[in-house]
Amino acid sequence: MNNSVYHTKLSSHEETRCQFNGGKADIKLGIDVHQDFYVVVMQQGGSNPKPPQRFAKEAFLYWAAKLKQRGAEVYAVYEACGFGFTLQRQLCALGINSYVVCPQKLDERNKRVKTDGLDAKALCLRLDRFVQGNKDALALVRVPTEEEERSRAIHRQREQLWSKRANNSKPRDAVFWLITVWSRCSNGGKSVHLPNWQCQSG
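Nothing here was measured: the structure is a model prediction, and the numbers come from that model. The residue numbers shown here count from 1 along each chain, following its written sequence. pLDDT decides what is reported in this predicted model: residues at 70 or higher carry local features, side-chain atom pairs at 80 or more are listed and counted, and totals for whole chains, interfaces and linings draw on all residues regardless. Here the side-chain values reflect all heavy atoms present in the structure, with hydrogen atoms and water set aside.

### Notes on the pairing of strand S5 (residues 97-101)
Within a regular beta strand, the side chains point alternately toward one face of the sheet and then the other, so they alternate between its two faces. Spelled out, the test is: The pairing criterion for strands is at least two bridges between them, as found by DSSP. Counting from the N terminus, the helices are the DSSP runs of H or I reaching at least four residues and the strands are the DSSP runs of E reaching at least two. Here the term right-handed applies to a crossover when the path leading from its first strand over the helix to its second strand runs clockwise, the strands being oriented away from the viewer.
By the bridge criterion, 5 bridges tie strand S4 (residues 74-79) to S5 in an arrangement that is parallel. When the bridges of S5 are listed, Glu79 appears paired with Val101. Note on the crossover from S4 through helix H3 (residues 86-93) to S5: the handedness is right-handed.

### Points about helix H4 (residues 116-131)
Our working rule: Expected span of a helix: the number of residues minus one, times 1.5 Å. Any two residues having at least one pair of non-hydrogen atoms within 4.5 Å are treated as being in contact.
With 16 residues, H4 ought to run about 22 Å at 1.5 Å a step, and its terminal C-alpha atoms sit 22 Å apart, in line with that. On its buried face, H4 sits against strand S1 (27-33), strand S2 (37-44), S4 and S5. The first or second residue beyond H4 is Gly133, which carries a positive phi of 120°.

### Some thoughts on the sheet that holds S5
We count it as follows: Helix axes are fitted to C-alpha atoms over the stretch in contact, other axes to C-alpha atoms as well, and angles between N-to-C directions run from 0 to 180 degrees.
With respect to topology, 5 strands assemble into an open sheet ordered S3-S2-S1-S4-S5, the strand pairing being mixed. The sheet is open, and its two edges are formed by strand S3 (53-56) and S5, each paired on a single side. Neighbour-to-neighbour, the strand axes of the sheet open up by a mean angle of 25°, direction not taken into account. Bridge analysis of S1 against S2 gives 7 bridges, and the strand direction is antiparallel. Residue pairing in the sheet places Asp32 in a bridge with Val39 of S2. Where H3 meets the sheet, it contacts S1, S2, S4 and S5, and its direction lies at approximately 165° from that of S5.

### Quick look at the environment of Gln43
Our working definition: Summary of the burial criterion: residues with accessible area below 20% of their type's maximum are buried, those above 50% are exposed, and those between are partly exposed, where the area comes from a 1.4 Å probe applied to protein chains only. For this analysis, a polar contact is any N or O atom pair within 3.5 Å, provided that within protein one partner can donate a hydrogen and the other can accept it, and provided that sequence-adjacent residues contribute only side-chain to side-chain pairs.
Inspection of the secondary structure puts Gln43 in strand S2. Taking the relative accessible area as the measure of exposure, Gln43 reaches 4% and is therefore buried. In this structure, the C-alpha to C-alpha distance between Gln43 and Tyr75, residues 32 residues apart in sequence, is 9.9 Å. With residues up to four places along the chain from it excluded, the contact list for Gln43 reads Asp26, Ile27, Lys28, Pro49, Cys124 and Asp128. Of note is the side chain of Gln43, whose polar atom sits 2.9 Å from the backbone oxygen of Ser47.

### Things to note about the packing of aromatic side chains
Definition in use: Note on ring pairs: Phe, Tyr and Trp rings are taken, using the six-membered ring of Trp, and paired if centres are within 6.5 Å. Classes follow the plane angle, with under 30 degrees stacked, over 60 edge-to-face and the rest tilted. In this scheme, the term charge over a ring applies when either NZ of a lysine or CZ of an arginine sits within 6 Å of the ring centre and within 35 degrees of the ring normal.
The full count for this structure, using the stated rule, is 5 aromatic pairs. Consider the rings of Tyr99 and Phe130, whose centres lie 5.1 Å apart with planes at 65°: the pair is edge-to-face. You can see Tyr99 sitting in strand S5 and its partner Phe130 sitting in helix H4, a full 31 residues away along the chain. Given a relative accessible area of 21%, Tyr99 falls into the partly exposed group. Here Arg54 stacks its cationic end above the ring of Phe37, 3.6 Å away from the centre of that ring. Lying over the aromatic face of Phe130, Lys135 brings its terminal NZ or CZ to 4.3 Å of the ring centre.

### Here's the deal with the confidence of the model for the chain
Regions with low pLDDT carry predicted coordinates that are not meant to be interpreted in detail. Going by this rule: Each residue carries a pLDDT score, the predictor's own confidence in it, on a scale running from 0 to 100.
Taken over all residues, the pLDDT of the chain has a mean of 76, while the share at 70 or more is 59%. Note that residues 1-22 has pLDDT below 50 and, in this model, 28 contacts with residues that lie over four places away or in other chains.

### Details of the nonpolar core
Worth spelling out the cut-off: Put simply, a nonpolar core is a bunch of buried Ala, Val, Leu, Ile, Met, Phe, Trp, Tyr and Cys residues held in one set by side-chain atoms that sit within 4.5 Å of each other.
Ranked by internal contacts, the top residues of the largest apolar core, which has 22 residues, are Leu29, Ile31, Val40, Phe60, Trp63, Leu87 and Leu91. Where this core is concerned, the elements lending two or more residues are S1, S2, helix H2 (57-68), S4 and H3. Judged by nonpolar contacts, the second largest core, of 8 residues, contains Val101, Leu127, Phe130 and Ala137.

Structural data, given as structure tokens:
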């Protein structure tokens, strides 16, 4: 992947507008999220998006904080995924306008080529249209509270564990296992003594 950064000038319209307002051009970040890293495409004002950059998680937050310190408005977007909404909260804590959108087909030209960089660029361009006033450019999802997110995670884990256990156990064993897991979840993870009839299997 080409991680080189090329500085492109603002379009004449955008540059004139920023000079007139005495401010700086908005910065938009399209983020393709992975478990251990992020691939990010940045667009400043009306310039062309810059080449994608790959960041470790902590390095990205440090870089994003530096962008915010320039004094410009910073916007960021990424697709909802199995890694939750922690990144959205971290960016908001830095003063960055952060959005999470529904997963969707990003290959608008139907080139049938999918890479992290292309996905991040497509998100960045949609974010640019959204910031410019086209509210249909992004299909936003509601960001849950931290408590709601924890509750959902516990529920999903129970369903997954129950499904896995049920597929590999006798019916009575599966019921006993479910009672045990539920009891531990309800008692802060502590073991719970069950009656003898529940502890028998076969």
